[in-house]
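Commentary on secondary and tertiary structure
If you want the building blocks of each chain, they are given just below.
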Amino acid sequence: MPTQGQVITCKAAVAYEPNKPLVIEDIQVAPPQAGEVRIKILFTALCHTDAYSWSGKDPEGLFPCILGHEAAGYLRILENVGEGVTEVQPGDHVIPCYQAECRECKFCKSGKTNLCGKVRTATGAGVMMNDRKSRFSVNGKPIYHFMGTSTFSQYTVVHDVSVAKIDPQAPLDKVCLLGCGVPTGLGAVWNTAKVEPGSIVAIFGLGTVGLAVAEGAKSAGASRIIGVEIDSKKYDIAKNFGVTEFVNPKDYDEPIQQVLVDLTDGGVDYSFECIGNVSVMRAALECYAGWGTSVIIGVAASGQEISTRPFQLVTDRVWKGAAFGGFKSRSQVPWLVDKYMKKEIKIDEYITHNLTLGDINKAFDMMHEGGCLRCVLKLYV
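Just so we're clear, the structure is a prediction, and the values are computed from it rather than from any experiment. (Residues numbered from 1 in each chain as written. Predicted model: local features only at pLDDT ≥ 70, side-chain atom pairs only at ≥ 80, totals over all residues. Heavy atoms only, no water.)

Time to look at the overall build of the protein. The secondary structure content of the protein amounts to 12 helices and 17 strands. Taking 381 residues into account, the globule formula puts the C-alpha radius of gyration at 21 Å, and the protein, at 21 Å, falls close to it. By principal-axis analysis of the C-alpha atoms, the protein measures approximately 65 × 40 × 40 Å. Considering only contacts within the protein whose residues lie at least 6 apart along the sequence, 68% involve residues at least 24 apart. Accessible surface for the protein amounts to roughly 16300 Å². Of this, 50% is attributable to carbon and sulfur atoms. (Helix = DSSP H or I, 4+ residues; strand = E, 2+ residues; numbered from the N terminus. Rg over C-alpha atoms; globule rule 2.2 N^0.38 Å. Contact = heavy atoms within 4.5 Å. Areas by Shrake-Rupley, 256 points an atom, 1.4 Å probe, with all protein chains shown as cover.)

Here it is as structure tokens:
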């Protein structure tokens, strides 16, 4: 039946406290206001960023909240959109994105960043921009939003500038991964580092993001792709994404950066840190030649700082970071979906498990135990 302008009751996984099991609740989702849309989420995937925020290591973490930011769904038929929303309409298939793209603020117009400033203050505070309030509640008590997406809920409300309209033929249980990890890895290579053919690349950490870096480096024509990883069980699958050789830091007494310099006759051309460890970030910077670029992708724990000797930068090394791989959400996520549909990028190969919303705590346990790249949750059984 029509729900335009009505509060919807649905299932969601609520994080009430750091490091406590998520609770499956009946929540109330208010209708969207101006500049907002309400989305029916069909599939969502687990990402380490969700686990990081849930752990309490994020200084801006808000509780209680609804986590989740890798998902795909659609604007429900007969569901309404807020006033002023013009680029999406009921029935559209969409991916909600934690990186907004308003195309109007100085960040969007600069041509120098994929970040957007329009709704950032609201999403960082776990609320919506229009009235600085949440659209989620349980028995009248508000529940915070997370990263402007909150996809661990059967329904969510997001800003329209954070919604990418995609090909309705795309399988939502696959392309939900294009909301974070896979684009981050691919874009770090293509947009941030701009790896050239013949380059030597080192990747620190071979989880989903690291494997996406390998895939991107292979497509860019890298001649050697070196995976730096302490878990040797990941080596076989990493070969399928383009990794040509492996180095286990546990096998050496000397610093891993020196090992890589020796293995490559002076250092790699590009390195990517995909773990979130500040010591590894330094090693990634110091393992390449003076003309190289090191890209930080991993998110370190609260309060930690990076360091190196200034001479490392004086000698023309470049230290950069990559948020969402430099991709603009509304403009380029549909392009990534099209590339997947044309079999030009991988998605299926990253999905190692499929569960339901009720199994979300089990899914996080599998992620922490290893052996799980991405687990896709089906929100409706």
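Here we come to the side chain of Glu 273. Of note, Glu 273 is situated in strand S13 (residues 268-273). Buried charge without a salt bridge: Glu 273, with Lys 234 as the nearest opposite-charge side chain at an N-O distance of 12 Å. At 2.8 Å, the side chain of Glu 273 and the backbone nitrogen of Gly 276 are in polar contact. (Buried < 20%, exposed > 50% of the residue type's maximum accessible area, 1.4 Å probe, protein only. Lys, Arg positive; Asp, Glu negative; His and termini not counted. Salt bridge = Lys/Arg side-chain N within 4 Å of Asp/Glu carboxyl O. Polar contact = N/O pair within 3.5 Å; in protein donor to acceptor, adjacent residues only side chain to side chain.)

The subject of this paragraph is the packing of aromatic side chains. Inspection of the entire model under this criterion finds seven aromatic pairs. Their ring planes at 20 degrees and their centres at 4.3 Å tell us that Tyr 235 and Phe 246 sit as a pair that is stacked. Of this pair, Tyr 235 sits in helix H7 (residues 235-239) while Phe 246 sits in strand S12 (residues 245-247), placing them 11 residues apart in sequence. Joined through ring pairs, the aromatic side chains of Trp 54, Phe 152 and Phe 364 make up one cluster. Directly above the ring of Tyr 380 sits Lys 40, whose terminal nitrogen or CZ lies 4.7 Å from the centroid. (Phe/Tyr/Trp six-rings, centres within 6.5 Å; stacked < 30°, edge-to-face > 60°. Lys NZ or Arg CZ within 6 Å of the ring centre and 35° of its normal.)

This part takes up the nonpolar core. If you look at the biggest cluster of nonpolar residues, it comprises 53 residues, and the most contacted ones within it are Ile 95, Val 175, Leu 177, Leu 178 and Phe 272. Broken down by secondary-structure element, the contributors of at least two residues to this core are strand S3 (36-45), helix H4 (172-175), helix H5 (181-193), strand S10 (200-204), helix H6 (208-219), S13 and helix H11 (329-341). Here this core gets six residues from one element, more than from any other, and that element is H6. Setting aside chain neighbours within four positions, we find Ile 95 in contact with Ala 71, Ala 72, Ser 162, Val 163, Ala 164, Ile 166, Val 175, Leu 178, Gly 179, Val 333 and Val 337. Ile 8, Val 94, Leu 357 and Phe 364 belong to the second-largest nonpolar core, a separate cluster that totals 43 residues. (Core = buried A, V, L, I, M, F, W, Y, C linked by side-chain atoms within 4.5 Å.)

A few words on the sheet that holds strand S15 (residues 318-321). Strand order in the open sheet made by the six strands is S12-S11-S10-S13-S14-S15, with parallel pairing throughout. The open sheet has two edge strands, S12 and S15, and neither has a second partner. Taken pair by pair, the neighbouring strands of this sheet meet at an average axis angle of 20 degrees, ignoring direction. Contacting S10, strand S11 (224-228) and S13, H6 runs over the sheet at an angle of about 170 degrees to S10. (Pairing = 2+ DSSP bridges. Axes fitted to C-alpha atoms, helices over the stretch in contact; angles between N-to-C directions.)

Quick look at helix H12 (residues 360-369) now. Taken as a whole, H12 has its buried residues at Ile 360, Ala 363, Phe 364, Met 366 and Met 367. Down the axis of H12, the buried side of the element spans an arc of 155 degrees, and every buried residue falls inside it. Structural note: H12 exposes His 368 and Glu 369 on the side pointing more than 90 degrees away from its buried face. Packing partners of the buried residues in H12 comprise strand S1 (8-14), strand S2 (23-29), helix H1 (48-54), strand S16 (351-356) and strand S17 (374-378). Positive phi appears at Gly 370, one or two residues downstream of H12, with a value of about 90 degrees. (Arc of directions from axis to C-beta.)

Now for the layout of surface pockets. Approximately 240 Å³ is the volume attributed to the second largest pocket. In terms of lining residues, the second largest pocket is bounded by 15 residues, among which Glu 215, Lys 343, Glu 344, Ile 345 and Lys 346 are the most central. Secondary structure elements with two or more residues in the lining of the second largest pocket: H5, H6 and H11. A breakdown of the residues in the lining of the second largest pocket according to their chemical character gives seven nonpolar, one polar and seven charged. (1 Å grid on protein atoms, 1.4 Å probe; cavity = no way out; pocket = protein on both sides within 12 Å on 5 of 7 lines; lining within 4 Å. Points joined across faces, edges and corners; volume = space filled by probe spheres on them. Nonpolar A, V, L, I, M, F, W, Y, C, P; charged D, E, K, R; others polar.)

By the element assignment, Pro 64 lies in the loop between H1 and strand S4 (70-74). Apart from the residues lying within four places of it in its own chain, the contact partners of Pro 64 are Val 14, Ala 15, Tyr 16, Pro 142, Ile 143 and Tyr 144.

Below, the discussion takes up the pattern of salt bridges. If the charged atoms of two oppositely charged side chains come close together, the side chains can form a pair. Counted according to the given criterion, the structure contains 14 salt bridges. Among the salt bridges present, the one from Glu 70 reaches Arg 374, with a minimum N-O distance of 3.0 Å. Taken together, the residues Glu 70 in strand S4 and Arg 374 in strand S17 connect sequence positions 304 residues apart. Accessibility classification places Glu 70 together with Arg 374 in one group, the buried group. With a closest N to O distance of 3.9 Å, Lys 174 and Asp 348 form a salt bridge. Of this pair, Lys 174 sits in helix H4 while Asp 348 sits in the loop between H11 and S16; the two residues are 174 residues apart in sequence, bridging distant segments of the chain.

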